[in-house]
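Structural features, examined
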Amino acid sequence: MNPIEHFKIWFLEQIENTGVKIPNACCLSTIGLDGFPNARFISLKEITNDGFIITGTLTSRKGNEIWHSNNVALTFWWAETDRQVRIQGEAAMVSEEVADNYFAERNRESQIVSIISQQGDEISVIEELVEKYNALDSESNGKYLKRPDNWGGYCISPVRIEFMEFNSSRLHDRKLYELVNNEWVLKQLQP
Ligand SMILES: Cc1cc2nc3c(=O)[nH]c(=O)nc-3n(C[C@H](O)[C@H](O)[C@H](O)COP(=O)(O)O)c2cc1C
């Protein structure tokens, strides 16, 4: 089976079994410019035939890191189904049009914050941002907000996906799919 299809089945089973607030949360790891791995939670937006879509500010720390190296990892831990998924892949920016669509789907508060905030930059007085927020909120008066140029998305095309399912015997099931010459090769790993 194609591992993206495998992922979709597990993800659906997890969504059906979980009551957590953000069931699509996962850990995105990038290669830090100082050599340290850098990890943070993000929300998986969509799964396409090409890969896993995430969105956010393109000029923040993660954006800069992906600009320098597009080799990234996504990691999921699903307590309700006792499963872990580890994905490694290459991130590529989605088109402007696709980014516009994802931006339009965001709630208004998030859109305003994405426009007025330079994510990750230091600020001396946070009230400055509150003023900017209120100003844009009232001047736009509920009207359409354009996606800022530094907001977009990435499609992470997987090269390796490991599915692990816990087993009460501790002989956990680990299946690793690796892309070799454009074909998925499946290996069973020891727990
Ligand atoms: C559950 C959860 C979901 C999040 N989803 C996103 C997201 O989809 N996109 C995003 O840019 N940041 C998201 N964040 C915030 C990131 O963890 C992070 O603070 C932000 O992207 C800045 O990271 P950076 O400085 O490495 O660029 C989320 C945080 C949490 C805890």
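Residues numbered from 1 in each chain as written. Predicted model: local features only at pLDDT ≥ 70, side-chain atom pairs only at ≥ 80, totals over all residues.

1. Some remarks on the site of the ligand
To keep things clear, this is the line we draw: Using a C-beta atom placed from the backbone, a residue is scored as near a molecule or strand whenever that atom is within 6 Å of it. Numbered from the N terminus, helices here are DSSP runs of H or I no shorter than four residues, and strands are runs of E no shorter than two. All residues other than Ala, Val, Leu, Ile, Met, Phe, Trp, Tyr, Cys, Pro, Asp, Glu, Lys and Arg, Gly among them, are scored as polar; the first ten of these are nonpolar and the last four charged.
Near the ligand, the surroundings consist of 14 residues, among which Ser43, Gly56, Ser60, Arg61 and Lys62 are the closest. Of all the elements in the fold, those that place two or more residues in the shell around the ligand are β2 (37–43), β4 (52–57) and α2 (61–68). If one sorts the elements of the shell around the ligand by residue count, β2 sits on top with four residues. Taken together, the residues that form the shell around the ligand break down as four nonpolar, seven polar and three charged.

2. Some remarks on the environment of Cys26
Our working rule: Each residue is classed by its C-beta neighbour count within 10 Å, where at least 20 other C-beta atoms makes it buried, 12 or fewer makes it exposed, and intermediate counts make it partly exposed; the C-beta atoms are placed from backbone geometry. Residues are scored as being in contact if the C-beta atoms we place from backbone atoms lie within 7 Å.
Within the secondary structure, Cys26 is located in strand β1 (residues 25–31). When the 20 C-beta atoms within 10 Å are taken as the criterion, Cys26 is described as buried. Sequence spacing of Cys26 and Arg40 is 14 residues, and the spatial spacing of their C-alpha atoms is 8.2 Å. Among residues more than four places away in sequence, those in contact with Cys26 are Phe41, Ile42, Leu44, Leu74, Thr75 and Phe76.

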